[in-house]
Amino acid sequence: MSWLLWCVLIAVAVEIIIQYCIMRAAYPVLFAPMPDRFNLIGTLAQLPENDDQIQIRDVTFPTSDGLTLHGFIATPTADRPKGVILFCHPFKSTGRIALFQCQGLLEAGFAVFSFDFRNHGESDTDPRYQSIHWLSHYELNDARSAIEFLRAQPELSQLPLGLLGMSRGAGTALAVAAKSSDIQFVACEGAFLNEELFLDHAIRWGERFLPRLFIQIVPTWEVIRAFRIMIWYSQRRQGCRYINLKPRVKDLKNRNLLFFTGEKDQSVVPRMTQLIVKRIPDAHITVCSLPGAIHNAGRFTQLEKFDSTLIDFFSQMVENNSPVKELEFSEPMPGPAGTPLPSKRSA
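Residues numbered from 1 in each chain as written. Predicted model: local features only at pLDDT ≥ 70, side-chain atom pairs only at ≥ 80, totals over all residues. Heavy atoms only, no water.

A. Quick peek at helix H8 (residues 220-238). Over its 19 residues, H8 extends 26 Å from the first C-alpha to the last, a length consistent with the 27 Å expected when each residue adds 1.5 Å. Within the span of H8, buried status applies to Glu-222, Val-223, Ile-224, Ala-226, Phe-227, Met-230, Ile-231, Ser-234, Gln-235 and Gln-238. Looking one or two residues past H8, Gly-239 carries a phi angle of roughly 75°, positive in sign. (Helix = DSSP H or I, 4+ residues; strand = E, 2+ residues; numbered from the N terminus. Expected span 1.5 Å × (residues − 1). Buried < 20%, exposed > 50% of the residue type's maximum accessible area, 1.4 Å probe, protein only.)

Structure, rendered in C-alpha coordinates:
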(Lines give C-alpha, C1' and ligand atoms only; values in the text may rest on other atoms or scores of the structure.)
Protein backbone atom coordinates (compact mmCIF):
# COMPACT_ATOMS: atom_id res chain seq x y z
CA MET A 1 0.00 0.00 0.00
CA SER A 2 1.50 3.33 -1.08
CA TRP A 3 2.24 6.11 1.37
CA LEU A 4 -0.36 8.35 -0.36
CA LEU A 5 -3.12 5.82 0.31
CA TRP A 6 -2.02 5.56 3.94
CA CYS A 7 -2.20 9.34 4.25
CA VAL A 8 -5.71 9.35 2.81
CA LEU A 9 -6.85 6.59 5.17
CA ILE A 10 -5.36 8.37 8.18
CA ALA A 11 -7.02 11.66 7.17
CA VAL A 12 -10.39 9.92 6.79
CA ALA A 13 -9.97 8.21 10.16
CA VAL A 14 -9.11 11.50 11.87
CA GLU A 15 -12.14 13.17 10.26
CA ILE A 16 -14.44 10.38 11.42
CA ILE A 17 -13.06 10.59 14.97
CA ILE A 18 -13.48 14.38 15.08
CA GLN A 19 -17.05 14.23 13.79
CA TYR A 20 -17.92 11.42 16.18
CA CYS A 21 -16.53 13.30 19.19
CA ILE A 22 -18.41 16.49 18.31
CA MET A 23 -21.70 14.72 17.69
CA ARG A 24 -21.33 12.43 20.70
CA ALA A 25 -20.94 15.46 22.95
CA ALA A 26 -23.43 17.80 21.30
CA TYR A 27 -26.39 15.72 20.11
CA PRO A 28 -27.86 14.78 23.52
CA VAL A 29 -27.68 18.41 24.61
CA LEU A 30 -28.86 20.20 21.49
CA PHE A 31 -31.19 17.83 19.65
CA ALA A 32 -32.65 15.25 22.00
CA PRO A 33 -36.01 16.24 23.54
CA MET A 34 -35.22 17.75 26.94
CA PRO A 35 -38.44 18.80 28.72
CA ASP A 36 -36.88 21.17 31.25
CA ARG A 37 -34.26 22.80 29.09
CA PHE A 38 -36.09 25.95 28.03
CA ASN A 39 -38.86 26.06 30.64
CA LEU A 40 -40.16 29.16 32.34
CA ILE A 41 -39.66 29.49 36.06
CA GLY A 42 -42.09 30.67 38.68
CA THR A 43 -44.76 32.10 36.38
CA LEU A 44 -47.39 29.41 36.02
CA ALA A 45 -48.64 29.98 39.59
CA GLN A 46 -49.20 33.69 38.88
CA LEU A 47 -51.72 33.59 36.06
CA PRO A 48 -54.52 36.15 36.57
CA GLU A 49 -57.33 33.77 35.65
CA ASN A 50 -59.98 35.61 37.72
CA ASP A 51 -59.14 39.22 36.93
CA ASP A 52 -62.39 41.21 36.57
CA GLN A 53 -60.64 43.64 34.24
CA ILE A 54 -59.97 40.91 31.66
CA GLN A 55 -62.45 38.84 29.68
CA ILE A 56 -61.10 35.47 28.53
CA ARG A 57 -62.77 33.49 25.76
CA ASP A 58 -61.51 29.98 24.95
CA VAL A 59 -61.35 29.19 21.23
CA THR A 60 -60.38 26.42 18.84
CA PHE A 61 -59.29 26.66 15.22
CA PRO A 62 -58.00 24.34 12.47
CA THR A 63 -54.56 24.18 10.90
CA SER A 64 -54.03 23.80 7.17
CA ASP A 65 -53.03 20.16 7.70
CA GLY A 66 -56.11 19.13 9.64
CA LEU A 67 -55.29 19.50 13.34
CA THR A 68 -57.29 21.44 15.92
CA LEU A 69 -55.45 23.95 18.09
CA HIS A 70 -56.77 25.38 21.37
CA GLY A 71 -56.23 28.90 22.58
CA PHE A 72 -57.91 31.94 24.08
CA ILE A 73 -58.62 35.58 23.36
CA ALA A 74 -58.18 37.93 26.31
CA THR A 75 -59.63 41.44 26.05
CA PRO A 76 -59.91 44.34 28.50
CA THR A 77 -63.49 44.66 29.73
CA ALA A 78 -63.51 48.45 30.09
CA ASP A 79 -62.82 49.69 26.55
CA ARG A 80 -62.39 48.55 22.96
CA PRO A 81 -58.87 47.09 22.54
CA LYS A 82 -56.19 49.37 21.09
CA GLY A 83 -54.60 46.51 19.18
CA VAL A 84 -54.18 42.75 19.33
CA ILE A 85 -51.01 40.83 20.20
CA LEU A 86 -50.47 37.27 19.00
CA PHE A 87 -48.36 35.45 21.61
CA CYS A 88 -46.14 32.50 20.61
CA HIS A 89 -45.12 30.42 23.63
CA PRO A 90 -41.78 28.62 24.07
CA PHE A 91 -41.14 24.89 23.87
CA LYS A 92 -42.64 22.75 26.63
CA SER A 93 -44.95 25.50 27.81
CA THR A 94 -48.50 26.48 26.83
CA GLY A 95 -50.21 29.54 25.49
CA ARG A 96 -51.74 30.11 28.93
CA ILE A 97 -48.54 31.79 30.12
CA ALA A 98 -49.52 34.76 27.94
CA LEU A 99 -51.79 35.79 30.83
CA PHE A 100 -48.60 36.41 32.82
CA GLN A 101 -46.26 37.58 30.06
CA CYS A 102 -48.84 39.97 28.57
CA GLN A 103 -50.50 41.16 31.78
CA GLY A 104 -49.06 44.65 31.35
CA LEU A 105 -50.33 44.83 27.78
CA LEU A 106 -53.81 43.75 28.88
CA GLU A 107 -53.87 46.40 31.58
CA ALA A 108 -52.75 48.96 29.00
CA GLY A 109 -55.77 48.17 26.80
CA PHE A 110 -54.45 45.60 24.33
CA ALA A 111 -56.14 42.34 23.42
CA VAL A 112 -54.06 39.15 23.50
CA PHE A 113 -54.57 36.06 21.38
CA SER A 114 -52.60 33.01 22.48
CA PHE A 115 -52.75 29.33 21.62
CA ASP A 116 -51.06 26.00 22.27
CA PHE A 117 -48.79 24.81 19.48
CA ARG A 118 -49.41 21.26 18.28
CA ASN A 119 -48.14 18.63 20.74
CA HIS A 120 -48.54 21.14 23.58
CA GLY A 121 -51.27 21.86 26.11
CA GLU A 122 -54.80 21.14 24.91
CA SER A 123 -54.02 21.23 21.19
CA ASP A 124 -53.97 18.09 19.06
CA THR A 125 -50.93 15.85 19.00
CA ASP A 126 -49.42 15.29 15.57
CA PRO A 127 -48.32 11.62 15.39
CA ARG A 128 -45.84 12.48 12.62
CA TYR A 129 -43.96 15.01 14.68
CA GLN A 130 -41.86 14.82 17.85
CA SER A 131 -41.35 18.46 18.78
CA ILE A 132 -38.19 19.74 20.44
CA HIS A 133 -36.81 23.24 21.10
CA TRP A 134 -35.71 23.82 17.47
CA LEU A 135 -38.14 25.74 15.25
CA SER A 136 -39.79 23.63 12.54
CA HIS A 137 -42.18 24.27 9.67
CA TYR A 138 -45.02 22.98 11.86
CA GLU A 139 -44.77 25.94 14.26
CA LEU A 140 -44.95 28.31 11.28
CA ASN A 141 -48.03 26.48 10.03
CA ASP A 142 -49.68 26.77 13.47
CA ALA A 143 -48.91 30.50 13.86
CA ARG A 144 -50.14 31.35 10.38
CA SER A 145 -53.31 29.35 10.99
CA ALA A 146 -53.77 31.37 14.20
CA ILE A 147 -53.44 34.64 12.27
CA GLU A 148 -56.00 33.49 9.70
CA PHE A 149 -58.40 32.62 12.52
CA LEU A 150 -57.78 35.97 14.20
CA ARG A 151 -58.52 37.90 11.03
CA ALA A 152 -61.88 36.08 10.82
CA GLN A 153 -62.98 37.55 14.18
CA PRO A 154 -65.10 40.65 13.45
CA GLU A 155 -64.29 42.40 16.71
CA LEU A 156 -60.52 42.02 16.21
CA SER A 157 -59.97 41.85 12.47
CA GLN A 158 -59.51 45.60 11.99
CA LEU A 159 -57.16 46.11 14.94
CA PRO A 160 -53.42 46.56 14.39
CA LEU A 161 -51.61 43.26 14.88
CA GLY A 162 -48.31 42.71 16.67
CA LEU A 163 -46.42 39.53 17.47
CA LEU A 164 -44.71 38.55 20.73
CA GLY A 165 -42.66 35.35 21.06
CA MET A 166 -40.34 33.63 23.50
CA SER A 167 -37.41 31.35 22.61
CA ARG A 168 -38.70 28.99 19.92
CA GLY A 169 -41.82 31.16 19.84
CA ALA A 170 -39.60 34.18 19.17
CA GLY A 171 -38.18 32.43 16.11
CA THR A 172 -41.73 31.61 15.03
CA ALA A 173 -42.79 35.26 15.30
CA LEU A 174 -39.77 36.50 13.34
CA ALA A 175 -40.11 33.86 10.62
CA VAL A 176 -43.85 34.49 10.15
CA ALA A 177 -43.41 38.26 10.07
CA ALA A 178 -40.58 37.93 7.54
CA LYS A 179 -43.03 36.42 5.07
CA SER A 180 -45.77 39.00 5.59
CA SER A 181 -44.89 42.66 5.12
CA ASP A 182 -48.18 43.65 6.79
CA ILE A 183 -46.82 42.56 10.19
CA GLN A 184 -44.75 45.55 11.21
CA PHE A 185 -44.22 45.09 14.96
CA VAL A 186 -42.54 42.04 16.52
CA ALA A 187 -41.21 41.67 20.07
CA CYS A 188 -38.99 38.75 21.10
CA GLU A 189 -37.37 37.27 24.17
CA GLY A 190 -34.57 34.72 23.84
CA ALA A 191 -34.47 34.68 20.03
CA PHE A 192 -31.66 32.76 18.33
CA LEU A 193 -30.27 31.52 15.02
CA ASN A 194 -29.83 27.73 14.97
CA GLU A 195 -26.28 27.49 13.65
CA GLU A 196 -24.93 30.32 15.80
CA LEU A 197 -26.54 28.89 18.94
CA PHE A 198 -25.06 25.49 18.17
CA LEU A 199 -21.57 26.94 17.73
CA ASP A 200 -21.85 28.86 20.98
CA HIS A 201 -22.94 25.80 22.94
CA ALA A 202 -20.46 23.53 21.21
CA ILE A 203 -17.60 25.77 22.36
CA ARG A 204 -18.90 26.50 25.88
CA TRP A 205 -20.21 23.06 26.70
CA GLY A 206 -17.81 20.95 24.67
CA GLU A 207 -15.24 21.30 27.43
CA ARG A 208 -17.52 19.26 29.71
CA PHE A 209 -16.98 16.23 27.48
CA LEU A 210 -13.77 16.87 25.55
CA PRO A 211 -10.25 18.11 26.42
CA ARG A 212 -9.79 21.88 26.14
CA LEU A 213 -6.96 21.39 23.64
CA PHE A 214 -9.28 19.43 21.34
CA ILE A 215 -11.85 22.26 21.42
CA GLN A 216 -9.18 24.84 20.57
CA ILE A 217 -7.65 23.02 17.61
CA VAL A 218 -10.85 21.84 15.92
CA PRO A 219 -11.67 24.19 12.99
CA THR A 220 -15.04 25.95 13.03
CA TRP A 221 -15.99 24.35 9.72
CA GLU A 222 -15.68 20.91 11.34
CA VAL A 223 -18.21 21.92 13.99
CA ILE A 224 -20.56 23.36 11.36
CA ARG A 225 -20.31 20.15 9.33
CA ALA A 226 -21.21 18.12 12.42
CA PHE A 227 -24.15 20.45 13.07
CA ARG A 228 -25.50 19.94 9.56
CA ILE A 229 -25.18 16.17 9.84
CA MET A 230 -27.08 16.29 13.12
CA ILE A 231 -29.75 18.51 11.56
CA TRP A 232 -30.20 15.96 8.77
CA TYR A 233 -30.45 13.09 11.24
CA SER A 234 -32.66 14.89 13.77
CA GLN A 235 -35.18 15.98 11.12
CA ARG A 236 -35.75 12.36 10.21
CA ARG A 237 -35.93 11.27 13.80
CA GLN A 238 -38.38 14.01 14.82
CA GLY A 239 -40.44 13.93 11.60
CA CYS A 240 -40.09 17.58 10.60
CA ARG A 241 -38.14 20.18 8.64
CA TYR A 242 -36.24 22.68 10.78
CA ILE A 243 -36.43 26.33 9.81
CA ASN A 244 -33.17 28.17 9.18
CA LEU A 245 -33.93 31.68 10.41
CA LYS A 246 -30.65 33.18 9.17
CA PRO A 247 -31.65 33.80 5.52
CA ARG A 248 -35.18 34.86 6.54
CA VAL A 249 -34.38 37.73 8.88
CA LYS A 250 -33.11 39.95 6.08
CA ASP A 251 -36.75 40.18 4.96
CA LEU A 252 -37.56 42.01 8.21
CA LYS A 253 -36.14 45.26 6.83
CA ASN A 254 -38.07 48.42 7.68
CA ARG A 255 -39.88 46.65 10.54
CA ASN A 256 -40.14 47.66 14.17
CA LEU A 257 -38.44 45.02 16.31
CA LEU A 258 -37.92 44.69 20.05
CA PHE A 259 -35.48 42.14 21.52
CA PHE A 260 -35.36 41.32 25.23
CA THR A 261 -32.11 39.74 26.43
CA GLY A 262 -31.46 38.30 29.88
CA GLU A 263 -28.04 39.30 31.17
CA LYS A 264 -27.72 35.94 32.96
CA ASP A 265 -29.19 33.85 30.15
CA GLN A 266 -26.85 30.91 29.64
CA SER A 267 -29.12 29.07 27.19
CA VAL A 268 -29.31 31.92 24.68
CA VAL A 269 -26.55 34.36 25.61
CA PRO A 270 -27.12 38.08 24.82
CA ARG A 271 -24.63 37.92 21.93
CA MET A 272 -27.16 35.78 20.02
CA THR A 273 -29.41 38.83 19.69
CA GLN A 274 -26.60 40.89 18.17
CA LEU A 275 -26.02 38.17 15.57
CA ILE A 276 -29.65 38.52 14.50
CA VAL A 277 -29.73 42.32 14.59
CA LYS A 278 -26.72 42.76 12.30
CA ARG A 279 -28.46 40.71 9.60
CA ILE A 280 -31.56 42.94 9.43
CA PRO A 281 -31.09 46.01 7.23
CA ASP A 282 -32.87 49.31 7.80
CA ALA A 283 -35.03 48.04 10.66
CA HIS A 284 -36.09 50.06 13.69
CA ILE A 285 -34.58 47.85 16.39
CA THR A 286 -34.66 48.20 20.16
CA VAL A 287 -32.60 45.86 22.36
CA CYS A 288 -33.66 45.81 26.02
CA SER A 289 -31.18 44.19 28.41
CA LEU A 290 -32.72 42.75 31.59
CA PRO A 291 -30.29 42.56 34.55
CA GLY A 292 -30.36 39.31 36.48
CA ALA A 293 -32.72 37.57 34.04
CA ILE A 294 -32.12 34.00 32.88
CA HIS A 295 -33.72 32.38 29.85
CA ASN A 296 -37.46 33.05 29.48
CA ALA A 297 -37.62 34.81 32.86
CA GLY A 298 -37.34 38.44 31.80
CA ARG A 299 -40.70 39.59 33.15
CA PHE A 300 -40.39 37.38 36.22
CA THR A 301 -37.10 39.12 37.07
CA GLN A 302 -37.65 42.68 35.78
CA LEU A 303 -41.42 43.13 35.77
CA GLU A 304 -41.67 46.93 35.62
CA LYS A 305 -38.95 47.36 32.98
CA PHE A 306 -40.34 44.52 30.89
CA ASP A 307 -43.91 45.83 30.94
CA SER A 308 -43.07 49.48 30.33
CA THR A 309 -40.78 48.63 27.40
CA LEU A 310 -43.36 46.30 25.85
CA ILE A 311 -46.21 48.79 26.25
CA ASP A 312 -44.16 51.65 24.80
CA PHE A 313 -43.17 49.47 21.85
CA PHE A 314 -46.67 48.30 20.89
CA SER A 315 -48.16 51.75 21.58
CA GLN A 316 -46.16 52.91 18.54
CA MET A 317 -48.07 50.31 16.53
CA VAL A 318 -51.34 51.96 17.55
CA GLU A 319 -50.06 55.46 16.79
CA ASN A 320 -48.83 54.37 13.35
CA ASN A 321 -51.96 52.37 12.62
CA SER A 322 -53.17 52.30 9.03
CA PRO A 323 -56.17 50.44 7.57
CA VAL A 324 -55.70 46.70 8.05
CA LYS A 325 -55.24 44.72 4.87
CA GLU A 326 -55.74 41.01 4.32
CA LEU A 327 -52.50 39.37 5.39
CA GLU A 328 -50.65 37.63 2.59
CA PHE A 329 -47.66 35.34 2.98
CA SER A 330 -44.96 34.93 0.36
CA GLU A 331 -44.81 31.15 0.78
CA PRO A 332 -47.66 28.60 0.89
CA MET A 333 -48.56 26.71 4.04
CA PRO A 334 -48.21 22.92 3.92
CA GLY A 335 -51.51 21.09 3.73
CA PRO A 336 -52.66 17.48 3.86
CA ALA A 337 -51.53 17.00 0.29
CA GLY A 338 -48.29 18.90 0.69
CA THR A 339 -44.71 17.80 0.41
CA PRO A 340 -44.13 14.44 2.13
CA LEU A 341 -42.26 14.50 5.41
CA PRO A 342 -38.81 12.97 5.72
CA SER A 343 -39.03 9.30 6.63
CA LYS A 344 -38.27 8.49 10.27
CA ARG A 345 -35.36 6.37 11.31
CA SER A 346 -34.63 4.86 14.66
CA ALA A 347 -31.81 6.22 16.78
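Further notes follow.
B. Layout of the environment of His-133. Here His-133 lies in the loop between strand S4 (111-115) and helix H4 (137-150). Overall, His-133 belongs to the buried group, its relative accessible area being 1%. Residues His-133 and Phe-91, 42 residues apart in the sequence, show an inter-C-alpha distance of 5.4 Å. Within polar-contact distance, the side chain of His-133 engages the side chain of Trp-134 at 3.4 Å. (Polar contact = N/O pair within 3.5 Å; in protein donor to acceptor, adjacent residues only side chain to side chain.)

C. Summary view of the nonpolar core. Core analysis: the biggest nonpolar cluster contains 43 residues, and Phe-113, Leu-174, Val-186 and Phe-259 have the highest contact counts within it. At seven residues, the largest contribution of residues to this core is made by helix H5 (residues 168-178). In this structure, Leu-174 is in contact with Val-186, Cys-188, Ala-191, Leu-245, Leu-252, Leu-257 and Phe-259, ignoring residues within four places of it in sequence. Counting 28 residues, the second largest nonpolar core, distinct from the first, contains Phe-87, Ala-108, Leu-290 and Ala-293. (Core = buried A, V, L, I, M, F, W, Y, C linked by side-chain atoms within 4.5 Å. Contact = heavy atoms within 4.5 Å.)

D. Region of interest: the sheet that holds strand S7 (residues 256-262). Spatially, S1-S2-S4-S3-S5-S6-S7-S8 is the arrangement adopted by the eight strands of the open sheet, whose pairing is mixed. Strand pairing shows two members of the sheet lacking a second neighbour, strand S1 (54-62) and strand S8 (284-290), which therefore form its edges. On average, each strand axis in the sheet is tilted by 20° relative to the strand beside it, whichever way the strands run. The pairing of strand S2 (residues 68-76) with S4 spans four bridges and is antiparallel. Bridge pairing in S4 places Ala-74 opposite Val-112. Sitting on the sheet, H5 is in contact with strand S3 (84-88), strand S5 (161-166), strand S6 (185-189) and S7, with an inclination near 145° to S5. (Pairing = 2+ DSSP bridges. Axes fitted to C-alpha atoms, helices over the stretch in contact; angles between N-to-C directions.)

E. Fine view of the packing of H4 against H5. The geometry of H4 relative to H5 is characterised by a closest axis approach of 10 Å and an angle of 65° between their N-to-C directions. The two elements H4 and H5 cross, and the hand of that crossing is right-handed. Here Glu-139, Leu-140, Ala-143, Arg-144 and Ile-147 of H4 lie close against H5, whose contacting residues are Arg-168, Thr-172, Ala-175 and Val-176. For the contact of H4 with H5, the residue count by class is five nonpolar, one polar and three charged. (Left-handed = near helix turned anticlockwise from the far one by under 90°. Nonpolar A, V, L, I, M, F, W, Y, C, P; charged D, E, K, R; others polar.)

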